[in-house]
Amino acid sequence: MVIPIMWIVLCGEKIFKKLTMKKKLVYIGNFSFPKNNSAGIRVLNNGYLFRSIGYDTHFIGLSKTTLKKESLELSHEIYDEFNHYSFAYPKTLKEWICFKNQLKQSTDLIEKINPEMVVAYGSISNSLFVFFLQKWCKSKNIKFVNDCVDWLSGGSGGFIFRVGKRIDTELH
């Protein structure tokens, strides 16, 4: 986009920045970006859609190659002009449930990116993480969208699955 110098002088730097700045969005969830699982492919394609309507989309997902001790910011990579960050893929039930550190790192990075909106991709395995992230976004006046997947019937599966599904449904 070419903007004449006169516009900058007349409008002032603040307005010029607003005219030329892309809106930012953070897409976060239990996916392996960019194409390491079907969820990764889904969010990548949604990222292309968001890009086409003017959003600079950043991704925060999971990776089997990221080291457990590695900080979120150190995992930064670029794929097709998309910034993406990864946590180590949880290996145990405890790692799926104990997400306080990941939530803190995520909110710190989201604050740094300063998006207009956060989109949370997820299934039952990360519903509590999404619940707390949504509360945090609300406290910061950031729009929050839940990209809900795997909407399975609560009447199927074992007892633990049904209880988890019920909690997941009630939280969202």
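For clarity, every value in this text was computed on a predicted model and none was experimentally measured.

Draft legend 1. Spotlight on the side chain of Ser63. Take Ser63: it is sitting in strand β2 (residues 55–63). By relative accessible area, which is 11% here, Ser63 ends up buried. Sequence-distant contacts of Ser63, defined by excluding residues within four places in its chain, comprise Ser86, Phe87, Ala88 and Tyr89.

Draft legend 2. How the structure looks around the pairing of strand β5 (residues 117–122). In terms of residue burial, β5 counts as a mostly covered element, since 6 of its 6 residues are buried. The two faces of β5 match: Met117, Val119 and Tyr121 on one face and Val118, Ala120 and Gly122 on the other face are all buried. Pairing of strand β1 (residues 23–29) with β5, which is carried by 5 bridges, proceeds in the parallel orientation. Following the sheet pairing, Leu25 is matched in β5 by Met117.

Draft legend 3. Focus on the packing of aromatic side chains. Tallied over the full model, the rule gives 12 aromatic pairs. A ring pair is formed by Phe31 and Phe59, whose centres lie 6.2 Å apart and whose planes are at 90°; its orientation type is edge-to-face. Note that Phe31 is positioned in the loop between β1 and α2 (38–52) and Phe59 in strand β2, a separation of 28 residues in sequence. The burial state of Phe31 is the same as that of Phe59; both residues are buried. Pairing Phe131 with Phe132 gives two aromatic rings, centres 5.3 Å apart and planes at 70°, and the pair type is edge-to-face. Relative accessible area serves as the criterion here: at 23%, Phe131 is assigned to the partly exposed category. Take Phe132: its relative accessible area is 38%, and that puts it in the partly exposed class. A connected cluster of aromatic rings, assembled from ring pairs, spans Tyr27, Phe31, Phe33, Tyr48, Phe50, Tyr55, Phe59, Tyr79, Phe82 and Tyr121.

Calculation rules
Residues numbered from 1 in each chain as written. Predicted model: local features only at pLDDT ≥ 70, side-chain atom pairs only at ≥ 80, totals over all residues. Heavy atoms only, no water. Helix = DSSP H or I, 4+ residues; strand = E, 2+ residues; numbered from the N terminus. Buried < 20%, exposed > 50% of the residue type's maximum accessible area, 1.4 Å probe, protein only. Contact = heavy atoms within 4.5 Å. Pairing = 2+ DSSP bridges. Phe/Tyr/Trp six-rings, centres within 6.5 Å; stacked < 30°, edge-to-face > 60°.

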